[in-house]
Amino acid sequence: MTGSLLLSIESSCDETGIALIEGGRRIISNVVASQVALHAPTGGIVPELAARAHLRWIVPTLDEAWDGASVDWTDVDAVAVTYGPGLAGSLLVGINFAKALAWVHDKPLIAVNHLEGHVYAAWLLDPGEDEATKTEPIFPLVALVVSGGHTFIAEMTDHLTYRLLGTTVDDAAGEAFDKVGRLLGLGYPGGPAIQLAAERATSRDVAFPRAWMGDSFDLSFSGLKTAARRIVAGARVEAGLPPDDTTTPLPDDATAELAWGFQDAVVDVLATKTSRAARELGARSIVLGGGVAANSCLRERLAGEADALQVPLIVPRPGLCTDNGAMIGAAGARRFAAGERAGLDLDARPSLPLAKR
């Protein structure tokens, strides 16, 4: 891997991220403009609002990324950008911005798969972080990526080489967290709110169903959301509240137990399937990425599974699990080193897969 310097742009959903990455690993600067407050009132992302917010924040984000770096355009080797999957309008903002920068500064344009970025976040080094103390993923590895829009397990035998082992057949785990968070009156985003509420649980005896999907590595969370609605409604009736009127919250202790039960069901399936894949394939390391990878319960459970298999678990720090430009730079550097280049006709691919089975 060469010491190339990439300016990288991420705008696939509701985070505007721009970073400068050296050698595919070292973060020179990494700035993210979040839209969480914008979408909180609706409890989910409104695509048109997200695209407009990217337009508003992409130039200030670039300016801030330069402010945090001691480099300029003459040092940059290429511009990397997410071109899918994601929301079409959001993707187009980042793509067109990247095209303009690449054309004006006469730099190669590198197209990056957003999902690949979440995997490559495992290779990133913070400014000043000692490379010798950082565990680097070892091939072959099994990667679990869990976010608001995507949940899948993949095998990676070498750089840029993937095989899809299993994916959600309906809803992503992060989406399920958001929906159940709203059911419990915990707000948006649901993942952090549910984790915080679950930490207050004491009995931890509320059982939610698991969709094991037979012997496959596929995942399903739609039925869990339906079960959650029924279980929460039952808890509301037991507390003397209307079953469907979420404006009046459950008592805090009941909310905590329900949050713990739901989180435990999601984590159990994700960790069990990932560890089984690693064991059956003889993986030498496990990588965890995506926004839900910031969940401490999932991290702890998967760390235990990895220890049992005697393989390292590599998880980026929480700020690198959620969408950011640095992860796009890490993946883009590998594509750049492999000689890949995109033309100025690059277009958004909202349903772009990472790999095939």
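Conventions and cut-offs
- Residues numbered from 1 in each chain as written.
- Predicted model: local features only at pLDDT ≥ 70, side-chain atom pairs only at ≥ 80, totals over all residues.
- Heavy atoms only, no water.
- Helix = DSSP H or I, 4+ residues; strand = E, 2+ residues; numbered from the N terminus.
- Buried < 20%, exposed > 50% of the residue type's maximum accessible area, 1.4 Å probe, protein only.
- Polar contact = N/O pair within 3.5 Å; in protein donor to acceptor, adjacent residues only side chain to side chain.
- Contact = heavy atoms within 4.5 Å.
- 1 Å grid on protein atoms, 1.4 Å probe; cavity = no way out; pocket = protein on both sides within 12 Å on 5 of 7 lines; lining within 4 Å.
- Points joined across faces, edges and corners; volume = space filled by probe spheres on them.
- Nonpolar A, V, L, I, M, F, W, Y, C, P; charged D, E, K, R; others polar.
- Pairing = 2+ DSSP bridges.
- Axes fitted to C-alpha atoms, helices over the stretch in contact; angles between N-to-C directions.
- Salt bridge = Lys/Arg side-chain N within 4 Å of Asp/Glu carboxyl O.

A. Representation of the side chain of Lys225 in the model. If you trace the backbone, Lys225 turns up in helix 7 (residues 222-238). What makes Lys225 buried here is its relative accessible area of 15%. Polar contacts involving the side chain of Lys225 include one to the side chain of Asp171, which spans 2.9 Å. Contact partners of Lys225, with chain neighbours within four places excluded, come to Asp171, Glu175, Ala176 and Lys179.

B. Quick look at the side chain of Glu15. Relative to the helices and strands, Glu15 resides in strand 2 (residues 15-22). Polar side-chain contacts of Glu15 include one of 3.2 Å to the side chain of Ser34. A polar atom in the side chain of Glu15 sits 3.4 Å from the backbone nitrogen of Gln35. Residues contacting Glu15, with those up to four places away along its chain left out, are Glu10, Val32, Ala33, Ser34, Gln35, His54 and Asp323.

C. Local environment of the layout of surface pockets. In this model, the largest pocket occupies a volume close to 1,100 Å³. Together, 39 residues line the largest pocket, and Ser147, Gly148, Gly149, Asp178 and Tyr188 are the ones closest to its centre. Of all the secondary structure elements, the ones that give two or more residues to the lining of the largest pocket are helix 4 (114-120), helix 5 (173-183) and helix 6 (190-198). Class assignment for the residues of the lining of the largest pocket results in 15 nonpolar, 17 polar and 7 charged. In this structure, the second largest pocket occupies an estimated 220 Å³ of space.

D. Main features of the sheet that holds strand 1 (residues 5-10). The strand order across the open sheet formed by 5 strands is 3-2-1-4-5, and the pairing between neighbours is mixed. Taken across any chain shown, the strands that pair with only one partner, and hence form the sheet edges, are strand 3 (26-34) and strand 5 (109-113). Ignoring which end each strand starts from, the neighbouring axes of this sheet average 20° apart. By the bridge criterion, 8 bridges tie strand 2 to strand 3 in an arrangement that is antiparallel. In the strand pairing of strand 3, Gly17 is matched with Val32. Along the sheet, helix 3 (residues 88-104) makes contact with strand 1, strand 2, strand 4 (78-84) and strand 5, crossing strand 4 at roughly 160°. Against the sheet, helix 11 (residues 325-337) touches strand 1, strand 2, strand 3, strand 4 and strand 5, its axis set at about 130° to strand 1.

E. Highlighting unusual backbone geometry. In this structure, the amide linkage connecting Gly84 to the following residue, Pro85, adopts the cis form with an omega of -10°. With respect to the helices and strands, Pro85 occurs in the loop between strand 4 and helix 3. Backbone geometry places Asp106, a non-glycine residue, at a positive phi of 55°. Here Asp106 is to be found in the loop between helix 3 and strand 5.

F. Molecular detail of the sheet that holds strand 9 (residues 285-289). If you walk across this open sheet you meet the 5 strands as 8-7-6-9-10, and the pairing is mixed. With partners counted over all chains shown, the strands left at the sheet margins are strand 8 (161-167) and strand 10 (313-314), one partner each. Here 6 bridges tie strand 6 (residues 141-146) to strand 7 (residues 151-158), and the two strands are oriented antiparallel to one another. Bridging across to strand 7, Val145 finds its partner in Phe152.

G. View of the pattern of salt bridges. Overall, the coordinates contain 16 salt bridges when judged by the stated rule. Lys225 is the salt-bridge partner of Asp171, the closest N and O atoms lying 2.9 Å from each other. Here Asp171 is found in the loop between strand 8 and helix 5, whereas its partner Lys225 is found in helix 7, with 54 residues between them in sequence. Among the salt bridges present, the one from Glu280 reaches Arg276, with a minimum N-O distance of 3.3 Å. Of the two residues, Glu280 and Arg276 are both situated in helix 8 (residues 252-281); the distance of 4 residues between them amounts to about one turn of the helix. Given a relative accessible area of 17%, Arg276 falls into the buried group.

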